[in-house]
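Here is what each chain is made of, one letter per residue.
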Amino acid sequence: MDEKIIIAIDGPAASGKGTVARKLAKIFNLPHLDSGQLYRHIAYQAIKSEINLNNKSALLELTNKIAFDISEIEDLRNDEISTVASIISQYSEIREQLIEYQRDFASNGAVVDGRDIGTIIFPNADYKFYITASLDQRTERRYLQLKKDSAEIDRNNIKNDINNRDLRDINRKIAPLKKAEDAIEIDTTEMKIDDVIDFIVKYIHKG
Ligand code: DC
C-alpha cells in the first residue's frame, strides 16, 4: 500500500496495542510511533532530575527542553516510569507540547498507538482500532513478559499497577483513554496476535 494512510491504535495498558501497531507498520510499510514513549521519556527525565510530580511548572519547563526524537529514545518500560508517565500525562500543557510532534511524524502516513490517537491527535485517521482484553488476560501477558527478566514478579502487583494506570488514564479530564466513536473495537482476550493482525489487514484491504 503506497497511500499516506494513518492508522490509529488506542487501548488500555498491556492490551498488546504496541505489538499490533509495530506489526501493522511493517505490513503496510509505514513508520510507527509509540506515543507512550513520549510520555515515558518525560517521566524518565523527571525521575532523573528528581522533579516533584506536583510541580507542574518544573515539569513543563523540562518538557520544553526535551528535543523529542523517537528514534533516539531508548525503550523505557518499567513500573515506575509507567506510573509516572500516566501521572504527568494528566497535565494538559504537557499533552499540548506533544501534539505537533505526533502530527508531524505522521505527515507521510503512520501507525500511531496510544490513548488519545483516534480521538484527539488524529480524529480523521483513515482507520481506527481500539485494542482491549480482560484485566486478567493483560496481567498474564505482562507477567509472562516480565518473568523472562526477573524471577521475583508478583501477579497481584502487576494487576494492581495495570488497573490503577487504566483508572487514571480513563478518568483524567484531558484526552482520557476512550474508544473513538468510529473506532473498531477488538477484544483480544481469546485471540492470538496473528489473528488480530489478520482481522485488521483484511479490514483495511476491504477499504
Ligand atoms: O502506551 P504506554 O503504556 O507506553 O503509555 C504510558 C502512559 O503514557 C500511559 O499510562 C498514559 C500516557 N499516554 C497518554 O496519556 N497518551 C498517549 N497517547 C500515550 C500514553
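A quick note: this is a predicted structure, and the numbers were derived from the prediction, not measured. (Residues numbered from 1 in each chain as written. Predicted model: local features only at pLDDT ≥ 70, side-chain atom pairs only at ≥ 80, totals over all residues. Heavy atoms only, no water.)

J.: So what's going on with the packing of helix H4 (residues 79-88) against helix H8 (residues 155-171)? Residues and values would help.
T.: Running from N to C, H4 and H8 point in directions that differ by 15°, and their axes come no closer than 9 Å. Comparing the axis directions of H4 and H8 gives the class roughly parallel. You can see that H4 and H8 cross each other, and the crossing is left-handed. Residues Asp79, Ser82, Thr83, Ser86 and Ile87 of H4 pack against Asp161, Arg165, Arg168 and Asp169 of H8. Broken down by class, the residue content of the contact of H4 with H8 amounts to one nonpolar, three polar and five charged. (Axes fitted to C-alpha atoms, helices over the stretch in contact; angles between N-to-C directions. Helix = DSSP H or I, 4+ residues; strand = E, 2+ residues; numbered from the N terminus. Parallel < 35°, antiparallel > 145°, perpendicular 65-115°, else oblique. Left-handed = near helix turned anticlockwise from the far one by under 90°. Contact = heavy atoms within 4.5 Å. Nonpolar A, V, L, I, M, F, W, Y, C, P; charged D, E, K, R; others polar.)

J.: Can you break down the site of the ligand residue by residue, with the values?
T.: Around the ligand, 17 residues are found, and the nearest of them are Arg40, Arg95, Arg115, Asp169 and Arg172. A distance of 2.9 Å separates a nitrogen atom of the ligand from a polar atom in the side chain of Ser35. Interatomic distance of 2.7 Å between a side-chain N/O atom of Asp169 and an oxygen atom of the ligand. Protein contact buries 98% of the 440 Å² of open area that the ligand shows by itself. Elements that contribute at least two residues to the shell around the ligand include exactly helix H2 (36-48), H4 and H8. For the shell around the ligand, the leading source of residues is H2, giving three residues. Class assignment for the residues of the shell around the ligand results in three nonpolar, five polar and nine charged. (Near = heavy atom within 4 Å. Polar contact = N/O pair within 3.5 Å; in protein donor to acceptor, adjacent residues only side chain to side chain. Areas by Shrake-Rupley, 256 points an atom, 1.4 Å probe, with all protein chains shown as cover.)

J.: So what's going on with the packing of aromatic side chains? Residues and values would help.
T.: The full count for this structure, using the stated rule, is three aromatic pairs. Relative to Phe105, the ring of Tyr101 has its centre 6.3 Å away and its plane inclined at 40°; by these criteria the two rings are tilted. With Tyr101 and Phe105 both in helix H5 (residues 92-105) and four residues apart, this pair spans about one turn of that helix. Ring centres of Phe129 and Tyr203 lie 5.7 Å apart, and the angle between their planes is 80°; this geometry places the pair in the edge-to-face category. On the criterion of sequence distance, the pair formed by Phe129 in strand S4 (residues 127-132) and Tyr203 in helix H9 (residues 193-206) is long-range, its members being 74 residues apart. (Phe/Tyr/Trp six-rings, centres within 6.5 Å; stacked < 30°, edge-to-face > 60°.)

J.: Explain the nonpolar core to me, and be specific about the residues and the numbers.
T.: In terms of nonpolar packing, the biggest core is built from 32 residues, with Ile42, Leu59, Phe68, Ile88, Ile94, Val112 and Phe122 touching the most fellow members. For this core, the secondary structure elements donating two or more residues are strand S1 (6-10), H2, helix H3 (56-65), H4, H5, strand S3 (110-114) and helix H6 (117-121). Looking at which element gives the most residues to this core, the answer is H2, with five residues. When sequence neighbours within four positions are dropped, the list of residues in contact with Phe122 reads Ile6, Gln102, Arg103, Ala106, Val112, Ile117 and Lys128. (Core = buried A, V, L, I, M, F, W, Y, C linked by side-chain atoms within 4.5 Å. Buried < 20%, exposed > 50% of the residue type's maximum accessible area, 1.4 Å probe, protein only.)

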